[in-house]
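Here's the letter readout for the chains.
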Amino acid sequence: MTKGPSKTASALKRQWPLALLLVLLFTALAWAYLAPGPAAVGLAAQVDASLTASGVSSRVTAVLLNFRAYDTLLECFVIFLGVMVVWSLRPTTVTAPRQPQAGAILSSLERLLVPLMVLVAGYLLWAGSNQAGGAFQAGAILGGAGVLLLLDSSPLLARLPKGGLVWGICLGPFYFLVVAVAAMLRGRHFLEYRAPEATLAIVTLEATAAFSIGLCLATLFAGRQPQGKSRGENSAHSPAWEEDS
Amino acid sequence: MTNPALHSSAWLIWPVAAPLTGALLTFLFKDHSRRLGLFFAALSSGLGTALAWQILGHGPAHYALGGWQPPLGIALRADGPAALMVMMTAITGLAVSIYSGGYFQSRRRNSKHHALHSAQEHAFWSLWLLLWAALNGLFLSNDIFNIYVSLELVTLSSVGLTALSGKPPSLVAAMRYLLVSLLGSLSFLLGVGFFYKAYGTLALTAIINSLSLSPPTSMALALISIGLLLKSALFPFHFWLPPAHANALTPVSAILSGLVIKGSWYLFYRFWHVELIFTAVGLVPAILGGAAIIWGAWQAFAQQRLKMLVAYSTVAQIGYLFVAFPLLAETSGQGHGALFYFAISHSCAKGAMFLAAGTFFLQMGHDRIRDLAGVRQLLPVSSFAFGLAALTIMGLPPSGGFIAKYLYINTAINQGLWWLALLILLGSGLSAAYIFRAVSAILSPQLLRIRPALVVSASMQWSALTLALISLLLGIIAPLPLALLEVS
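The following refers to the structure shown. (Residues numbered from 1 in each chain as written. Chains lettered and ligands numbered in written order. Predicted model: local features only at pLDDT ≥ 70, side-chain atom pairs only at ≥ 80, totals over all residues.)

1. A word on the pairing of strand β2 (residues 61-64) of chain B
Side-chain positions along a regular strand alternate between the two faces of the sheet. Residue and element names in this part refer to chain B. Our working rule: Only strands joined by at least two bridges in the DSSP assignment are considered to pair. For helices the rule is a DSSP run of H or I covering at least 4 residues; for strands it is a run of E covering at least 2, with both sets numbered from the N terminus onward.
Sheet topology places strand β1 (residues 7-8) next to β2; two bridges connect them, and they run parallel. Paired with His7 across the two strands is Ala61, which belongs to β2. Where β2 lies against strand β3 (residues 75-78), four bridges are found, and the strand directions are antiparallel. Bridging across to β3, Ala61 finds its partner in Ala78.

See below:
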């Protein structure tokens, strides 16, 4: 009872300059936000005007996958890049303590939840065309399902096709690029698609993106690239950087 | 909204789309990553050059992605400065890529850890091609939220590349770089929010053209500027740069110093080249730049390791990129010429310098300056490249660096900014001092007692020399890049 508060008090004492700085920053931001200045109406009216041409009836999906699809294309690459960077880090010599064997509760929970999560992800994907939802939400839920499987070191994981993971991760960004360039081959702009064929393009883009995002998130949870048996990495035990330049 | 002088051109998307495809393919086909990487590097370089050529011939261009015009959609825009930056990335990027081919091969050949070096090379090619795409996207984008996304791609791939060597100091540096850069990104994003609230559009040119200073817009500019200064490592935000640049793998050092810092600097220029702002706070970046020139040169002079010296030299040279902002107020456009000429010469020369320094490191097993004597005997081409690049960094004729500094001083005197002219002269003197320390060791007449076998490949030596020659050539063909810059 005595230790906790006094510790926080001394921490506060040491960090008061930081706290002061943050308060000042917050005040400045609030002042700038509330102060008079040019105020625009935003783009909602323009979004509504072009909604019929976009192929979907949800404004958010229309913005993310049609009007500003280029941003979403690059965002897909950001997630892909995250996996790439994590895999490029060299495995450390420190090994994590072995996970205790997953209990019966976890495995039955997994059997119960994973099929449901896949179903919910599919629903969110479909719902995205006319209400809130879409690739990133569905991908997050798929990623969660992947984490459950990983926690239990489920035998399902061992049955995945070899090299399938790498292709699965690349599928979303790759399909996005294919759709973008295919539009150009038909004499249109990069990423240009309009109703009615836009609906198909958007649904397939979302599905592949969700799949890859889910895989990427689960892979990020796993931490490092699963090692194939043929490629022995000898670096795990020898700090080879000593000879590096 | 759209300027009638702009023509629509699909060429704008290819310098982004080609390296993006390359990043995916090199990631997928692990066993062919070098061949694929070199192929896509050549392709991206060719497409970047083609774009610059087109802009020079046909004037500025724009491209509405998805066929949606801004403010609803995102547009790319290529004018003179953007095309020049894409061109710079094409040249330095290609030279670094050719160097990397030889670099990873040599390291693999001379090491027991084959699997390790293969894994490093595989990761390098995909990260580097993604970084290339993101840089081109940054230079060409005309949408501030899209610029934020491109900045994120640039940051994350640079951090990954920095950490690639796996040495503890480079991991620490990469972590620091990540934290500083994320802070910069958040600051930038907050500024984007303020701008959108004020103007209802994300199109950069539309915002800049209707800019008027009020509390929200000043806050937006301040947040964006601070974010970009953090990412550009301008003094006093430079602390993360030297360890990150000096401890990375050599091609990565050249990429970080030659190209990545130019990305955030270029954006800073985009936001700041409005006369309105010069009159308000134009001196702030200039003063910080002046401090960077002196502090960076001083630190470079004190370094014992060659790569650290070159990295601190970058800190000083970033100062030159910002010190010229008061000069942009002049209408003749000479200030812009000086600024961009400095950027492109520095990119080539610093790239060449890092590549040569890394070649010495790989050959000798260290880069202690005082023990480098005799290296010219083993690596005459690399030593020559280092010496030529040094000409540009010091600003001696006939190099590109000389043209840049001549334009700087000329413009400063025309505007009566004597202190600026003196500062630039002082900076040149200081850079001569630290460069001379390195060059005198490398070119010393002392001979090696034992002549070890050559472990570096010819492509590593010659790519550095080509880049150094280009930095020299920029002093002779000055009218061509300046003509490209004028396109607007």
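From this point, the discussion proceeds with the structure in view.
2. Here we look at the sheet that holds β1(B)
In a beta sheet, neighbouring strands are held together by backbone hydrogen bonds and run either parallel or antiparallel to one another. One open sheet holds the three strands; their spatial order is β1-β2-β3 (chain B), and the pairing between them is mixed. For this open sheet the edge positions go to β1 and β3 of chain B, each flanked by a neighbour on one side alone.

3. Focus: the environment of Ala468(B)
Residues and elements named next belong to chain B. Note the following rule: Burial is judged by counting other C-beta atoms within 10 Å of a residue's own C-beta: 20 or more means buried, 12 or fewer means exposed, and anything between counts as partly exposed, with every C-beta placed from the backbone.
Tracing the sequence through the fold places Ala468 in helix α19 (residues 458-473). By C-beta crowding, Ala468 is classed as buried, having 30 other C-beta atoms within 10 Å. Put simply, Ala468 and Gly387 are 81 residues apart on the chain and 8.6 Å apart in space, counted from C-alpha to C-alpha.

4. Considering unusual backbone geometry
The step from Pro70(B) to Pro71(B) runs through a cis peptide bond, and the omega angle for that step is 10 degrees. A cis amide bond, omega 0 degrees, links Phe235(B) with the succeeding residue Pro236(B). Locating Pro236(B) in the fold gives a position in the loop between α8 (215-232) and α9 (241-247). Phi is positive for Leu191(A), close to 65 degrees, though the residue is something other than glycine. As for its placement among the helices and strands, Leu191(A) is situated in the loop between α9 (164-185) and α10 (197-222). Backbone geometry places Ala233(B), a non-glycine residue, at a positive phi of 60 degrees. Tracing the backbone shows Ala233(B) in the loop between α8 and α9. The buried category is assigned to Ala233(B), around which 30 C-beta atoms lie within 10 Å.

That is the geometry; function is a separate question.
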